[in-house]
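The chain contents come next:
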Amino acid sequence: MQEQQKPMCIICAWRATCQKQFSLKAGQKCPDFVKDVTVKIEEEEEKEKEQEQK
C-alpha cells in the first residue's frame, strides 16, 4: 500500500508562481495543490535504482 504525500508547498507544481505559498495554516489544504511530477520521493528513487540494476 502506497501512502500519498501530504500536499505541501515545496512539492507543488505551482510553487514558483503561487500567491498563497506558505500562508496556509497547519491542517489546511490548498485547493490549488498539484504535485510536481519531477519531485520524487525516496521510495520511487529506490525502485528506479533497483530496476536499473536488473
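None of the values given here were measured: they were computed from a predicted structure. (Residues numbered from 1 in each chain as written. Predicted model: local features only at pLDDT ≥ 70, side-chain atom pairs only at ≥ 80, totals over all residues. Heavy atoms only, no water.)

Participant: Give me the lowdown on the overall build of the protein, citing residues and values where you can.
Facilitator: Check the secondary structure of the protein and you find one helix and zero strands. Out of the 54 residues in the protein, the part that is buried amounts to 7%. Only carbon and sulfur atoms are counted for the fraction: they give 51% of the accessible area of the protein, which is about 5300 Å². (Helix = DSSP H or I, 4+ residues; strand = E, 2+ residues; numbered from the N terminus. Buried < 20%, exposed > 50% of the residue type's maximum accessible area, 1.4 Å probe, protein only. Areas by Shrake-Rupley, 256 points an atom, 1.4 Å probe, with all protein chains shown as cover.)

Participant: Can you break down a nonpolar patch on the surface residue by residue, with the values?
Facilitator: A surface patch of nonpolar side chains, amounting to about 330 Å² of accessible area, comprises Met8, Ile10 and Phe22. Examined against the element boundaries, Phe22 turns out to sit in the segment before helix H1 (42-53). The exposed category is assigned to Phe22, whose relative accessible area is 59%. (Patch = residues over 30% accessible without salt bridge, like charges linked within 9 Å, V, L, I, M, F, W, Y side chains within 5 Å. Salt bridge = Lys/Arg side-chain N within 4 Å of Asp/Glu carboxyl O.)

Participant: For the environment of Leu24, give the residues involved together with the corresponding values.
Facilitator: Within the element layout of this structure, Leu24 appears in the segment before H1. A residue is classified by how much of its surface remains accessible, and Leu24, at 34% relative accessible area, is partly exposed. Note: C-alpha distance between Leu24 and Met8 (16 residues apart in sequence) is 10.0 Å. In contact with Leu24, other than residues within four places in its own chain, are Lys29 and Cys30. (Contact = heavy atoms within 4.5 Å.)

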